[in-house]
Amino acid sequence: MLLNMKELLTVANENNFAVPAFNISSYAMLNGIMEASEEENAPVIISIHPDELSHIGVDVISAIRQRAYKSNIPVCIHLDHGASFEQVMAAIQAGYTSVMIDGSSLPFEENIALCKKICEAAHAANVSVEGELGTIGTTDSTETDNQIIIYTKPDDAVTFVKETGVDTLAIAIGTCHGLYPAGMKPELKLDLLKEIKSKVTIPLVLHGGSNNPDKEIGEAVTLGVNKINISSDIKVAYYNKMREVLSDNSLREPNMIEPPCMKAMKEVAYHKIRLFKANGKAALY
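Note on numbering: residues in each chain are counted from 1, in written sequence order. Local features in this predicted model are restricted to residues whose pLDDT is 70 or higher, and side-chain atom pairs enter the listing and the counts only when it is 80 or higher, whereas totals over whole chains, interfaces and linings include all residues. Side-chain metrics in this entry use all non-hydrogen atoms of the structure; hydrogen atoms and water are not considered.

**Q** I'd like a rundown of the overall build of the protein, residues and numbers included.
**A** Check the secondary structure of the protein and you find 11 helices and 10 strands. For this measure, only C-alpha atoms enter the radius of gyration; the expected value for a globule follows 2.2 Å times N^0.38, where N is the number of residues. For 285 residues, the compact-globule formula gives about 19 Å, and the C-alpha radius of gyration of the protein, at 18 Å, lands near that figure. Reported as C-alpha extents along the three principal axes, the dimensions of the protein are approximately 60 × 45 × 35 Å. Remark: exposure states derive from per-residue accessible area (1.4 Å probe, protein chains only) relative to the maximum for the residue type, with buried under 20%, exposed over 50%, and partly exposed in between. Taken across its 285 residues, the protein has 55% of its residues classed as buried. Once local pairs closer than 6 in sequence are excluded, the contacts in the protein between residues at least 24 apart make up 72%. Elements are defined by DSSP. Helices are runs of H or I of four residues or more, strands are runs of E of two residues or more, and each kind is numbered from the N terminus. Note on contacts: a residue pair qualifies if any of its non-hydrogen atoms lie within 4.5 Å across the two residues.

Following this line, the structure appears as structure tokens:
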């Protein structure tokens, strides 16, 4: 069942759960995530960043669409962190059903203008749009420009949603991209989330969802987050297992190397699906 993000998250918003957006960068990872989601009878967002797309190739989108059509669970194919109008339009032409335009580093009015332009074009093609307001940090010490979190202001969120027409809004409440190094303790501003949720009716998105304490993420779902991005957690599980498997120098066939990696990744996916209260929710669609 192939849906856009608005269709997918409207149900999540009405029923107080979050849909995991798993970033995949290979077809094997796609298969593992789809299997885990189907086994949990959970809706899923297949999220592919432009860098990931450049690796696996644009033709994979058609294959993912076919996989979604044949599945008994709701599936959305989402462009993660689109950087320009041209990049987003290329994603729509390739077959994504949802796109994100990340204008969070732009001045407020420029972010609004870019997001509004994207919405006008995407909605005409029945593609939903995610915008971002405020900036989340990064755990990569080399990315000095993104070390400081700019928290989302509730009143700005109201204006942004009204002016742009976005279907979902990514907010900054204290998460960071990547895995947290030793000594770095993430702290979500849950009171800020409550205030934003009280003023904005569209589904809210949390980026940088990997490696955060389960208790905080669970509370964020209860308080109204409807989409949570997961990339590092599943990739670490997948590639750590691959390093272990490849210690056997006799292995050379992907169908012997990748299945254990997919299994390790699926264990993480099961946990996130259940933490987000998405398990069993495919029955609602």
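Next, the rest of the story.
**Q** Which residues make up unusual backbone geometry, and what values go with them?
**A** One non-glycine residue, Asn-126, lies in positive phi territory at about 60 degrees. The residue Asn-126 is located in the loop between helix 6 (108-124) and strand 5 (128-133) in this model. The phi dihedral of Lys-277 falls on the positive side, at around 65 degrees, and the residue is not glycine. Position of Lys-277 relative to the elements: it lies in the segment after helix 11 (254-275). Classification of Lys-277 as partly exposed rests on a relative accessible area of 32%.

**Q** Residues and numbers for the nonpolar core, please.
**A** By size, the foremost hydrophobic cluster in this structure holds 91 residues, and its most contacted members are Ile-33, Ile-46, Ile-61, Val-99, Val-129, Leu-169 and Ile-228. With 9 residues, helix 11 is the largest single contributor of residues to this core. Setting aside its immediate chain neighbours within four residues, Val-129 contacts Val-99, Ile-101, Cys-115, Ile-118, Cys-119, Ala-122, His-123, Val-166, Asp-167 and Thr-168. Among the buried residues, those of types Ala, Val, Leu, Ile, Met, Phe, Trp, Tyr and Cys that are joined through side-chain atoms within 4.5 Å form a nonpolar core.

**Q** Tell me about helix 2 (residues 27-39), residues and numbers included.
**A** How far a helix is expected to stretch is found by multiplying one less than its residue total by 1.5 Å. Between its terminal C-alpha atoms helix 2 stretches 18 Å, which fits the 18 Å expected from 13 residues at 1.5 Å a residue. Residues Ala-28, Met-29, Leu-30, Gly-32, Ile-33, Met-34, Ala-36 and Ser-37 constitute the buried set of helix 2. Buried residues along helix 2 sit against strand 1 (19-23), strand 2 (44-48), helix 4 (60-70), strand 3 (75-82), helix 10 (232-245) and helix 11. Where helix 2 terminates, the next one or two residues include Asn-41, which has phi positive at roughly 50 degrees.

**Q** Account for the packing of aromatic side chains, naming residues and giving values.
**A** What counts as a ring pair is set by centres within 6.5 Å for rings of Phe, Tyr and Trp (its six-membered ring), and what kind of pair is set by the plane angle: stacked under 30 degrees, edge-to-face over 60, tilted for all other angles. One pass over the structure, following the stated rule, counts 1 aromatic pair. For a lysine, the NZ atom is tested; for an arginine, the CZ atom; a charge sits over a ring if that atom is within 6 Å of the ring centre and within 35 degrees of the ring normal. The cationic tip of Lys-117 hangs over the ring face of Phe-85; the distance from NZ or CZ to the ring centre is 4.3 Å.

**Q** Go over the side chain of Asn-23 with me, naming the residues and quoting the values.
**A** Examined against the element boundaries, Asn-23 turns out to sit in strand 1. Polar contacts involving the side chain of Asn-23 include one to the side chain of Glu-52, which spans 3.0 Å. Throughout this description, a polar contact denotes any pair of N or O atoms lying within 3.5 Å of each other; where both atoms belong to protein, one of them has to be capable of donating a hydrogen while the other can accept it, and for residues adjacent in sequence the pair is counted only when both atoms sit in side chains.

**Q** Break down the side chain of Ser-128 for me, with residues and values.
**A** Turning to its location among the elements, Ser-128 is positioned in strand 5. Residue Ser-128 is classed as buried on the basis of its relative accessible area, which comes to 2%. There is a polar contact of 3.3 Å between the side chain of Ser-128 and the side chain of Ser-98.

**Q** Please provide a residue-by-residue account of the sheet that holds strand 9 (residues 204-206), values included.
**A** Strand order in the closed barrel formed by 8 strands is 1-2-3-4-5-7-9-10, with parallel pairing between adjacent strands. Geometrically, the sheet is characterised by an average inter-axis angle of 25 degrees between neighbouring strands, direction not taken into account. Pairing between two strands is assigned when DSSP locates at least 2 bridges connecting them. Here strand 1 runs beside strand 2; their pairing, made up of 3 bridges, is parallel. When the sheet's bridge partners are listed, Asn-23 is paired in strand 2 with Ser-47. Each of strand 7 (168-171), strand 9 and strand 10 (225-230) is contacted by helix 8 (residues 190-199), which is oriented at about 155 degrees to strand 9, the strand it contacts most. Only the stretch in contact is used when fitting a helix axis, every axis being a line fitted to C-alpha atoms; angles between N-to-C directions are given from 0 to 180 degrees.

**Q** I'd like a rundown of the environment of Thr-201, residues and numbers included.
**A** Within the element layout of this structure, Thr-201 appears in the loop between helix 8 and strand 9. As for Thr-201 and Leu-188, which are separated by 13 residues in sequence, their C-alpha atoms are 20 Å apart.

**Q** Requested: an account of the pattern of salt bridges, with residues and values cited.
**A** Criterion for a salt bridge: a side-chain nitrogen of Lys or Arg within 4 Å of a carboxyl oxygen of Asp or Glu. Scanning the entire structure with this criterion turns up 12 salt bridges. Lys-266 is the salt-bridge partner of Glu-39, the closest N and O atoms lying 3.1 Å from each other. Residue Glu-39 is located in helix 2, and its partner Lys-266 is located in helix 11; the two are separated by 227 residues in the primary sequence. Note that Lys-235 is salt-bridged to Glu-52, the shortest N-O span being 2.5 Å. Here Lys-235 is found in helix 10, whereas its partner Glu-52 is found in helix 3 (residues 50-56), with 183 residues between them in sequence. Here Glu-52 falls in the buried class, since its relative accessible area comes to 9%. A network of salt bridges, in which partner residues are shared, links Glu-35, Glu-39 and Lys-266.

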